[in-house]
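What follows is the residue order along each chain.
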Amino acid sequence: MSLKGVELQIAIPKTFDAGKMAEQHQQNTINQQINANEALKKELERKQMAVNDTENTDAVTDEEERQGDAENPSMLAKKKKKVPEAPKAQHPFKGNFIDFSG
């Protein structure tokens, strides 16, 4: 298939336009990936800096019970009459390993 002079006048500028559009599309894709990567890095850094430790609630409730027992001895008798709870089954692997690497 051969092209005539008139056809080349139209075809060559359109190839340049198509090439520019393809390059712009590629650059936009790369920029989006870079922005997503930066956002992920910031989110990971924020999560690493966040405090995940909480106060031990068992100690707080024990202290409150001691204070309440000293104030009202009749409440102590009511608390002792409670039906003991069934022991909770321990999960075979959950909570037995803490990963300190990182």
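All of these numbers come straight from a predicted model, not from anything done at the bench.

## Remarks on the overall build of the protein chain
(1) Moving on: When helices and strands are tallied, the protein chain shows three helices and zero strands.
(2) Moving on: In the protein chain, the order of α-helices and β-strands from amino to carboxyl end is α-α-α.
(3) Moving on: In the protein chain, buried positions account for 0% of the 102 residues.

## Regarding a nonpolar patch on the surface
(1) Moving on: Taken together, L8, I12 and F16 make up a surface patch of nonpolar side chains, about 290 Å² in accessible area.
(2) Moving on: Here F16 lies in helix α1 (residues 5–49).

## Focus: the confidence of the model for the protein chain
(1) Moving on: On average, residues of the protein chain carry a pLDDT of 76, and 65% of them reach 70 or more.
(2) Moving on: When the elements of the protein chain are averaged for pLDDT, helix α3 (residues 73–80) gives the smallest value, 58, and α1 the largest, 89.

## Topic: the pattern of salt bridges
(1) Moving on: Counted by the stated rule, this structure contains one salt bridge.
(2) Moving on: Two residues, R46 and E43, come together in a salt bridge whose shortest N-O distance is 2.6 Å. Placement of the pair is R46 and E43 together in helix α1, with a separation of three residues, close to one helical turn.
(3) Moving on: Residue classification places E43 among the partly exposed positions, given a relative accessible area of 31%.

Reading the values: the criteria
- Residues numbered from 1 in each chain as written.
- Predicted model: local features only at pLDDT ≥ 70, side-chain atom pairs only at ≥ 80, totals over all residues.
- Heavy atoms only, no water.
- Helix = DSSP H or I, 4+ residues; strand = E, 2+ residues; numbered from the N terminus.
- Buried < 20%, exposed > 50% of the residue type's maximum accessible area, 1.4 Å probe, protein only.
- Patch = residues over 30% accessible without salt bridge, like charges linked within 9 Å, V, L, I, M, F, W, Y side chains within 5 Å.
- Areas by Shrake-Rupley, 256 points an atom, 1.4 Å probe, with all protein chains shown as cover.
- Salt bridge = Lys/Arg side-chain N within 4 Å of Asp/Glu carboxyl O.
- pLDDT = per-residue confidence, 0-100.

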